[in-house]
Amino acid sequence: MTQYLLSVHSGAGGGAQPAEPTTPEQMQALEEEMKAAGAWLFSGRLTEPDVATVVRVVAGDVLTTDGPFVESKEHLAGFYIVEADDLDAAMGWATKTSAIIGMPIEVRPFWDTSRA
């Protein structure tokens, strides 16, 4: 099985605002369904991007800046890490997640280190 990142994006533009608030019960039901199917590994909701700190090393010096890495109208709001047989199965979980939260979901497989 392959592990996939289902990243939740929110912000202005592109219909990225939920149509109606997601209830804790809806989110719990989705995660329980994922767990029952053996797909759910981990999930997390992120704070707003304005509380982010960016860390980079330049010429051996550590530099930090407040705020998100890039200025954008949309930002990463949360994520799920799931296991699925293939991309179609992962997209099925992304579809269910998007339907519940009303925000776009990007689906990306993790790099398969066994093929490196």
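Located above this text is the structure these notes cover.
From a predicted model like this one, the values you see are computed outputs, not experimental measurements.

A. Looking closely at helix α1 (residues 24-36). Over its 13 residues, α1 extends 18 Å from the first C-alpha to the last, a length consistent with the 18 Å expected when each residue adds 1.5 Å. Those residues of α1 hidden inside the fold are in contact with β1 (2-11), β2 (40-45), β5 (74-84) and α2 (87-101).

B. Structural view of the sheet that holds β5. Spatial strand order, β2-β5-β1-β6: 4 strands in an open sheet with antiparallel pairing. Pairing within the sheet leaves two strands with one partner each, and these edge strands are β2 and β6 (105-109). Averaged over neighbouring strand pairs, the angle between their axes works out to 20° when direction is ignored. As paired strands, β2 and β5 are joined by 5 bridges and run antiparallel to one another. Its bridge partner lying in β5, Gly44 is registered against Phe79. Lying over the sheet, α1 contacts β1, β2 and β5, oriented at roughly 30° with respect to β5. The sheet strands contacting α2 are β1, β5 and β6, and the helix crosses β6 at an angle near 155°.

C. Inspection of the side chain of Ser43 at higher detail. You can see Ser43 is positioned in strand β2. Overall, Ser43 belongs to the buried group, its relative accessible area being 17%. Of the polar contacts made by the side chain of Ser43, one reaches the side chain of Glu31; its length is 2.8 Å. Once residues lying within four places of it in the same chain are set aside, the contact partners of Ser43 are Glu31, Phe79 and Tyr80.

D. Quick look at unusual backbone geometry. Of note in the backbone geometry, Ala59 takes a positive phi value of approximately 50° without being a glycine. Relative accessible area serves as the criterion here: at 80%, Ala59 is assigned to the exposed category.

E. Region of interest: the pairing of strand β4 (residues 61-66). Sparse coverage of β4 is indicated by the burial of 0 of its 6 residues. Bridge analysis of strand β3 (residues 53-58) against β4 gives 6 bridges, and the strand direction is antiparallel. Residue pairing across strands places Val58 opposite Asp61, the latter belonging to β4. The antiparallel pairing of β3 with β4 creates a hairpin that spans 2 residues between the two strands, and Ala59 there sits at a positive phi of about 50°.

Cut-offs and rules
Each chain carries its own residue numbering, running from 1 in the written order of its sequence. Confidence filtering applies because this is a predicted model: local features only for residues at pLDDT of at least 70, side-chain atom pairs given and counted only at 80 or more, and all residues used for totals across whole chains, interfaces and linings. In computing side-chain values, all of the structure's heavy atoms are included and hydrogens and water are not. The secondary structure listing takes helices from DSSP runs of H or I that are at least 4 residues long and strands from runs of E that are at least 2 residues long, numbered from the N terminus. By this rule the span expected of a helix is its residue count minus one, scaled by 1.5 Å. Residue contacts are defined here by distance: any two heavy atoms, one from each residue, within 4.5 Å place the two residues in contact. When DSSP locates at least two bridges between a pair of strands, those strands are taken to pair. Here the axes come from fitting lines to C-alpha atoms, over the contacting stretch only for helices, and the angles between their N-to-C directions go from 0 to 180 degrees. Residue exposure (1.4 Å probe, protein chains only): buried if accessible area is under 20% of the type maximum, exposed if over 50%, otherwise partly exposed. Whenever two N or O atoms come within 3.5 Å, that pair is a polar contact, provided that in protein one can donate a hydrogen and the other can accept it, and provided that, for residues adjacent in sequence, both atoms are side-chain atoms.

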